[in-house]
Amino acid sequence: MTYTSDFLRVLDERGYIHQITDAAALDAAASAGVVTAYVGYDCTAPSLHIGNLVSIMMLRALQQTGHRPIVLMGGGTTKVGDPSGKDDARQLLDDARIEANKASIRRIFERFLSFDGPNAAIMVDNDDWLSGLAYIPFLRDIGRHFSVNRMLTFDSVKLRLDREQPLSFLEFNYMILQAYDFLELSRRAGCVLQMGGSDQWGNIVNGTDLIRRVDAKPAFGLTTPLITTADGAKMGKTANGAIWLHEDALPNWDYWQFWRNTHDADVGKFLKLFTDLPLDEIARLEALEGAEINAAKVALANAATALCRGAEAAAAAAETAAATFAGGAGDDLPGFAVAGPTNILDALIGLGFAASKGEARRLVAGGGARIDGEAVGEDAQAGPGARISAGKKRHGVLTQA
RNA sequence: GGAGGGGUGGCCGAGCGGUCAAUGGCAGCAGACUGUAAAUCUGCCGGGUUUUCCCUACGUUGGUUCAAAUCCAACCCCCUCCA
């Protein structure tokens, strides 16, 4: 459908929309005035990753089109654990860990959202209202609105049951708590929209239903598609782990390289989702063919890195890339301090290119280890200043200890 | 409580006394080809070492045996059916 509100039009054009509970009504609401919407983030790790970035960018788009974003930290729900899309119960985190994760995650949002101004973003923590709930009153006020029959039909639950995997009562309650969050935000902040990934659809719908039943207020849900790469893989999962948004979890250089290595077929999609570049510029970039599309990938890497890590970090990474792939080295490359001539195997391990001597040896045997661009054997030595490469993409420099 | 089935390397999944560090697939890494792309082909893919060799590993703990992922016992966990 075509939207009249800037908000939904932008989301639609850029590929953020998978499902909406009542698109026409939400469009009308967003046209008529300021909409307050939220996305929840559980505190399961000290950093958010690429998988969360879609919804963060969506909150950004919301704010840019004049509406008010709420970032909900799931300090309370993390204590329960979301079963959505999980085969097994998530390991429970202790309170101290959750607190630490929460504190760490918060910082990310300051890069993407503005927390002051007329439609300032706000940040809340559901631990504030969940942890103090009294069981019996909660069951009587909220629990009675949930049909177990219906809950059993939601994918997050059904999947577990179908796969004959256990689902604890604790996890089973997650969707009720998430629905209650939405109700709470509706009451506290006039929030009318919850957004999230497509795996959150069931949880979100529970929230909109609850608000209608209890308060007879408008409530909408909107989900993003699961972002996959052109070869069908879930985006952002690499062998080395997730692509983290925090620089202390993943260096700027690696973050930039992740975007730079996007598949050809994904460039346009990613530019729309993960950068603020105007659509006509994106159209021009994604139309590039052959080797020229590399220019689009650089633009993507620059823009995405600038958003998350800052313009300086993006420029430094771009500079390093230009120098490195021309055969030189740049400041952003990983370094390993050595006192003098060092064996290639130790250098590879020190730079993190191999996890063990055996792996380093295999890398060398396969012809993938290079010193200053020259393939070497396993007896080779390199000293400070040497450029060490593992394959064609991973490069590092030995520094003086 | 009773009967039966099952727990294997990042994942899936074979093996069911030695020839098993464990077939195969996926994922991953490297090489060739390229554009720091895709596809394809090739090699690698527990750790330490010069291949020989040693160590760790098939839910946990013991046991039988010259020898166990494979047999036995106990325990833990999961699934199915019955009560």
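Cut-offs used in this document
- Residues numbered from 1 in each chain as written.
- Chains lettered and ligands numbered in written order.
- Predicted model: local features only at pLDDT ≥ 70, side-chain atom pairs only at ≥ 80, totals over all residues.
- Heavy atoms only, no water.
- UniProt positions renumbered as here; feature names shortened; annotations may be inferred.
- Axes fitted to C-alpha atoms, helices over the stretch in contact; angles between N-to-C directions.
- Helix = DSSP H or I, 4+ residues; strand = E, 2+ residues; numbered from the N terminus.
- Parallel < 35°, antiparallel > 145°, perpendicular 65-115°, else oblique.
- Left-handed = near helix turned anticlockwise from the far one by under 90°.
- Contact = heavy atoms within 4.5 Å.
- Nonpolar A, V, L, I, M, F, W, Y, C, P; charged D, E, K, R; others polar.
- Pairing = 2+ DSSP bridges.
- Expected span 1.5 Å × (residues − 1).
- Buried < 20%, exposed > 50% of the residue type's maximum accessible area, 1.4 Å probe, protein only.
- Domains from an automatic or database assignment.
- Near = heavy atom within 4 Å.
- Polar contact = N/O pair within 3.5 Å; in protein donor to acceptor, adjacent residues only side chain to side chain.
- Core = buried A, V, L, I, M, F, W, Y, C linked by side-chain atoms within 4.5 Å.
- Salt bridge = Lys/Arg side-chain N within 4 Å of Asp/Glu carboxyl O.

By the naming in an unreviewed UniProt entry, chain A is Tyrosine--tRNA ligase, taken from Glacieibacterium frigidum. Per UniProt, chain A carries the Catalytic activity (unreviewed entry) text "tRNA(Tyr) + L-tyrosine + ATP = L-tyrosyl-tRNA(Tyr) + AMP + diphosphate + H(+)".

Colleague: Whenever I open this one, the packing of helix α12 (residues 252-260) against helix α15 (residues 293-309) confuses me. Can you help?
Modeller: Packed helices, taken two at a time, are described by the angle between their axes plus the distance between the axes. It is the contact of α12 with α15, at a shortest axis distance of 8 Å, that shows an interaxial angle of 140°. Taken together, α12 and α15 sit at an angle that is classed as oblique. Where α12 crosses over α15, the handedness of that crossing is right-handed. Contact residues: α12 offers Asn252, Tyr255, Trp256, Trp259 and Arg260, while α15 offers Asn294, Lys297, Val298, Leu300, Ala301, Asn302, Ala304, Thr305, Cys308 and Arg309. For the contact of α12 with α15, the per-class residue count stands at eight nonpolar, four polar and three charged.

Colleague: What exactly am I supposed to notice about the sheet that holds strand β15 (residues 394-400) here?
Modeller: Within a beta sheet, neighbouring strands are joined by backbone hydrogen bonds and run either parallel or antiparallel to one another. Pairing is mixed in the open sheet, where five strands are placed in the order β9-β15-β14-β11-β12. Every interior strand has two partners, whereas the edge strands, β9 (335-338) and β12 (374-375), have only one. Across three bridges, strand β11 (residues 369-371) lies against strand β14 (residues 387-390) in antiparallel orientation. Bridged to Ile371 within β14 is Ile388.

Colleague: Is there a simple way to think about the sheet that holds strand β5 (residues 193-197) in this case?
Modeller: Within the open sheet, the six strands sit side by side as β1-β6-β5-β2-β3-β4. Their pairing is mixed. For this open sheet the edge positions go to β1 (19-20) and β4 (122-125), each flanked by a neighbour on one side alone. Inspection of the sheet shows β1 paired to strand β6 (residues 220-224) by two bridges, in the antiparallel sense. In the strand pairing of β6, Ile20 is matched with Leu222. Where helix α3 (residues 50-64) meets the sheet, it contacts β2 (36-42), β3 (68-74), β5 and β6, and its direction lies at approximately 160° from that of β2. Each of β1, β5 and β6 touches helix α11 (residues 201-215); the most contacted strand, β6, lies at about 170° to it.

Colleague: Could you clarify how one ought to interpret α11 in this entry?
Modeller: Along an α-helix, a turn takes 3.6 residues, which lines up residues three or four apart on a common side. Between its first and last C-alpha, α11 extends 21 Å over 15 residues, near the 21 Å set by a 1.5 Å rise per residue. The set of residues buried in α11 consists of Gly202, Asn203, Ile204, Val205, Asn206, Gly207, Thr208, Asp209, Leu210 and Ile211. Packed against the buried residues of α11 are α7 (148-151), α10 (174-189), β5 and β6. Looking one or two residues beyond α11, the residue adopting positive phi is Ala216, at roughly 55°.

Colleague: Please explain the UniProt feature "short sequence motif: 'HIGH' region" (unreviewed entry) in chain A as it appears in this structure.
Modeller: If you check UniProt for "short sequence motif: 'HIGH' region" (unreviewed entry), the listed places come out as residues 43-52 in our numbering. Counted over residues 43-52, helix gives 30% and strand 0%. Its end C-alpha atoms are 12 Å apart.

Colleague: Can you help me understand the domain arrangement of chain A in this one?
Modeller: The figure often quoted for interface size is the accessible area lost as the parts come together. Its domain assignment divides chain A into domain 1 (6-224), domain 2 (251-324) and domain 3 (335-400). The C-alpha centroid of domain 3 is placed 28 Å from the C-alpha centroid of domain 2.

Colleague: I keep staring at the protein's contact with RNA strand B and nothing clicks. Help me out?
Modeller: The local shell around RNA strand B holds 30 residues, among which Arg260, Asn261, Asp264, Lys357 and Arg362 are the closest. For RNA strand B, a base nitrogen lies 2.5 Å from a polar atom in the side chain of Asp264. Separating a base nitrogen of RNA strand B from a backbone N or O atom of Gly290 is a distance of 3.5 Å. Secondary structure elements with two or more residues in the surface near RNA strand B: α12, α15 and α18 (357-365). Looking at which element gives the most residues to the surface near RNA strand B, the answer is α18, with five residues. When the residues that make up the surface near RNA strand B are grouped by side-chain class, the tally is eight nonpolar, 11 polar and 11 charged.

Colleague: Whenever I open this one, the nonpolar core confuses me. Can you help?
Modeller: Soluble globular proteins tend to pack their nonpolar side chains together in the buried interior. Leu53, Leu193 and Trp259 are the most contacted members of the largest nonpolar core, which has 67 residues in total. With nine residues, α3 is the largest single contributor of residues to this core. When residues of this core are sorted by domain, at least three fall in each of domain 1 (6-224) and domain 2 (251-324). Once you skip the residues sitting within four places of it in the chain, Trp259 turns out to touch Ile50, Leu53, Met235, Phe270, Phe274, Lys297, Leu300, Ala301, Ala304 and Thr305. Listed in part, the 27 residues of the second largest apolar core include Tyr38, Val80, Phe154 and Ala219.

Colleague: Which parts of the structure should I look at to understand the pattern of salt bridges?
Modeller: Side chains carrying opposite charge are able to pair once their charged atoms draw close together. Going through the model one piece at a time under the given rule, you end up with 17 salt bridges. A salt bridge links Lys79 to Asp127, with the nearest nitrogen and oxygen atoms 2.8 Å apart. Of this pair, Lys79 sits in the loop between β3 and α4 (95-112) while Asp127 sits in helix α5 (residues 127-130); the two residues are 48 residues apart in sequence, bridging distant segments of the chain. A relative accessible area of 29% means that Lys79 is categorised as partly exposed. Using a relative accessible area of 18% as the deciding quantity, one classes Asp127 as buried. Taken together, the shared-partner salt bridges connect Asp6, Arg9 and Glu13 into one network.

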